[in-house]
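The residues making up each chain are set out below.
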Amino acid sequence: MDPVVILTLVAAIVVVFLVASTVRIVPQARRYNIERFGRYRRTLQPGLNLVVPVADRINTKLDVREQVYSSDPRPVITEDNLVVNIDTVLYYQITDPRAAAYEVADYLQAIDQLTVTTLRNVIGSMDLEETLTSREEINSRLRAVLDDATGKWGIRVNRVEIKAIDPPHTIKEAMEKQMRAERDKRAAILHAEGERQAKILTAEGTKQKDILEAQGTQQAMILRADGEAKAVELVFQAVHRNNADPKVLAYKYLETLPHLASSDNNTFWVIPGELTEAVRTVTRAFGEESTAGTAGAAQAEEAVTAGAGADDTPGEARTPELDAGWTVSLDAAAAADEAEKQAAAAVSDAKAEAEAARSPQAPRRGQTSGG
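Counting restarts for each chain, with residues numbered from 1 along the sequence as it is written. Residue-level local features of this predicted model are given only where pLDDT is at least 70; pairs of side-chain atoms are given and counted only at 80 or more, and the full residue set underlies all totals for whole chains, interfaces and linings. Computation of side-chain values: all heavy atoms of the structure, hydrogens and water removed.

Caption draft 1: Region of the structure containing a negative patch on the surface. On the surface, a cluster of negative charge is made up of Glu 79, Asp 80, Glu 129 and Glu 130. Helix and strand assignments follow DSSP, with helices taken as H or I runs no shorter than four residues and strands as E runs no shorter than two, numbered in order from the N terminus. Within the element layout of this structure, Glu 130 appears in helix H4 (residues 128-133). The residues that make up patches have over 30% relative accessible area and no salt bridge, and they are joined within 9 Å when like-charged or within 5 Å when they are Val, Leu, Ile, Met, Phe, Trp or Tyr. Computed by Shrake-Rupley with a 1.4 Å probe, the accessible areas treat only the displayed protein chains as cover when residues are assessed. For this analysis, a salt bridge means a side-chain nitrogen from Lys or Arg found within 4 Å of a carboxyl oxygen belonging to Asp or Glu. Charge convention: Lys and Arg are scored as positive, Asp and Glu as negative, and His as well as the terminal groups of each chain are ignored. Where a charge lies is defined by one atom per residue type: Lys uses NZ, Arg uses CZ, Asp uses CG and Glu uses CD.

Below, the structure written as structure tokens:
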């Protein structure tokens, strides 16, 4: 082969190699550290870059995006001498590629060890309860320490999170028992509170019911008393309006006496002290209108006797009707005495009939008379 052709081919190959060694294309979010003859020269930025062939070489290729690093669970002793396993999640970003490559040999291992030591210092000043409930405080203190230490390494720690806190198995059982007891306590409190509210509401309902019933009874008694008062007032006005004389009033007084013994449940009854005066009033009225003597007295005795015992119904007594045609020959005093005796006899007969009506063998009132 012609030597000239061979030399041309070798020169072309060398030129292609030199051109390929001169051009460096860096992807986005990447940084390349360039060394010239073993010494740091510069950091290549994303895009097309030219380097000196043979003299310049790429030492490290770094990713400047935010990255996540999850550490393994590490044992940590709390202030109350309990061993818990804690694993963390670290979010970091390379801000200075030269420092990340030349200031620390392995920045991930350095960050991991720094996280463990800082975490032990922080957890060692807290008990278990505070550790479980103070994650935000632990995260803030870890981030402050790591950010200050990793700044000279060209790394910025954006966030540190505790992924899990794993206490011993016995502590877990004790915590579960405590939580179960707390739930039972809350349930018992709620149940007791419900019963208390129910009893209070029931008592208030009973109170309102009693109050309403008492008010209803009060209103009924007031209305009944008003009705009776109005009835008495009407009777009183009617009596005064009609100008009733003492004869009619005394007669009505005697007419109500037999009703005192009419009830089956009466064990005793009282004869008013005004009975004698009422009888004298009646006899005085009879004496003013009469002109005959002994015959009229006999007729009055028969009338009183008939009024006391003529009715077949036990416990009832008839009141003798007044007849304008009666004549009494006795004077007023004798007529009053005679009427008083006859009234006393009528009362005795009525009392006897009432006692007979209360006995089991005697027929009840109204059965023989039809009504």
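Caption draft 2: Quick look at helix H5 (residues 135-150). Given the number of residues in a helix, its expected span is that number minus one, multiplied by 1.5 Å. Taking 1.5 Å per residue as the helical rise, H5 with its 16 residues ought to reach 22 Å, and the 22 Å between its terminal C-alpha atoms agrees with that figure. Those residues of H5 lying buried are Ile 138, Asn 139, Leu 142, Leu 146, Ala 149 and Thr 150. The buried residues of H5 occupy an angular sector of 105 degrees when projected down its axis, which confines them to one face. Away from the buried face of H5 by more than 90 degrees, exposed residues Glu 136 and Asp 148 are located. Remark: exposure states derive from per-residue accessible area (1.4 Å probe, protein chains only) relative to the maximum for the residue type, with buried under 20%, exposed over 50%, and partly exposed in between. Think of it as the arc spanned by the lines of direction from the helix axis to the C-beta atoms.

Caption draft 3: Representation of the sheet that holds strand S2 (residues 30-36). Across the sheet, which stays open at both edges, the 3 strands sit in the order S3-S2-S5 with antiparallel pairing between neighbours. Each edge of the open sheet carries a strand with a single partner, namely strand S3 (39-44) and strand S5 (56-63). Ignoring strand direction, the axes of neighbouring strands in this sheet form an average angle of 25 degrees. As paired strands, S2 and S3 are joined by 5 bridges and run antiparallel to one another. Residue Tyr 32 lies in a different strand from S3, and its bridge partner there is Leu 44. Two strands pair if DSSP finds at least two bridges between them. Angles shown run from 0 to 180 degrees and are taken between the N-to-C directions of axes, each axis being a line fitted to C-alpha atoms and, for helices, limited to the stretch in contact.

Caption draft 4: Expanded view of the packing of aromatic side chains. Only Phe, Tyr and Trp rings take part, Trp by its six-membered ring, and two of them pair if their centres are within 6.5 Å. Stacked means planes under 30 degrees apart, edge-to-face means over 60, and tilted covers everything else. For the coordinates displayed, the defined rule picks out 2 aromatic pairs. With a centroid separation of 5.6 Å and an interplanar angle of 65 degrees, the aromatic rings of Tyr 40 and Tyr 102 are classed as edge-to-face. Of the two residues, Tyr 40 is situated in strand S3 and Tyr 102 in helix H2 (residues 97-102); the sequence distance between them amounts to 62 residues. Overall, the relative accessible area of 30% leaves Tyr 40 in the partly exposed class. For Tyr 102, a relative accessible area of 33% gives the class partly exposed. Ring centres of Tyr 92 and Tyr 107 lie 6.1 Å apart, and the angle between their planes is 65 degrees; this geometry places the pair in the edge-to-face category. Residue Tyr 92 is located in strand S8 (residues 83-94), and its partner Tyr 107 is located in helix H3 (residues 107-123); the two are separated by 15 residues in the primary sequence. What makes Tyr 92 buried here is its relative accessible area of 2%.

Caption draft 5: Geometry of a nonpolar patch on the surface. A contiguous nonpolar surface patch, about 590 Å² in accessible area, is contributed by Val 15, Val 19, Val 23, Ile 25, Leu 48 and Leu 50. Among the elements of the structure, helix H1 (3-22), strand S1 (23-26) and strand S4 (47-50) are those that each provide at least two residues to the nonpolar patch. Here Ile 25 is to be found in strand S1. Assessed through its relative accessible area of 63%, Ile 25 is described here as exposed.

Caption draft 6: Molecular detail of the nonpolar core. Ile 86, Leu 90, Leu 119, Ile 138 and Ile 155 are the most contacted members of the largest nonpolar core, which has 28 residues in total. Contributions of two or more residues to this core are made by S8, H3, H5 and strand S9 (155-166). Among buried residues, the Ala, Val, Leu, Ile, Met, Phe, Trp, Tyr and Cys ones that are joined through side-chain atoms within 4.5 Å form a nonpolar core.

Caption draft 7: Summary view of the pattern of salt bridges. Counting across every chain of the model gives 10 salt bridges. With a shortest N-O distance of 2.7 Å, Arg 159 and Glu 161 are connected by a salt bridge. Exposure remark for Glu 161: the relative accessible area of 22% places this residue in the partly exposed category. Each of Arg 30, Asp 63 and Arg 65 takes part in a single network of salt bridges with overlapping partners.

Caption draft 8: Representation of H3. Helix length check: H3, at 17 residues, gives a terminal C-alpha distance of 24 Å against a target of 24 Å (1.5 Å per residue), a fit within 8%. Taken residue by residue, H3 has Tyr 107, Ile 111, Asp 112, Leu 114, Thr 115, Val 116, Thr 118, Leu 119, Val 122 and Ile 123 as its buried positions. Capping the start of H3 is the job of one residue whose side-chain oxygen sits 3.3 Å from the backbone nitrogen of Leu 108: Asp 106. Between N or O atoms, a polar contact is any pair within 3.5 Å; within protein, one atom must be a potential hydrogen donor and the other a potential acceptor, and residues adjacent in sequence are included only when both atoms are from side chains.

Caption draft 9: Broad picture of the confidence of the model for the chain. Summary of the metric used: pLDDT quantifies the predictor's per-residue confidence within the range 0 to 100. Looking at the chain as a whole, the pLDDT averages 75, with 66% of positions reaching at least 70. Within the chain, no element has a lower average pLDDT than helix H9 (residues 294-309), which sits at 44, and none a higher one than S2, at 91. Contacts were defined at the residue level, with two residues in contact if any of their heavy atoms lie within 4.5 Å. Considering only residues more than four positions removed or in separate chains, one finds that residues 289-333, a stretch of pLDDT under 50, has 70 contacts. Within the model, pLDDT remains below 50 along residues 360-371, and this stretch shows 15 contacts once partners closer than five positions in the same chain are excluded.

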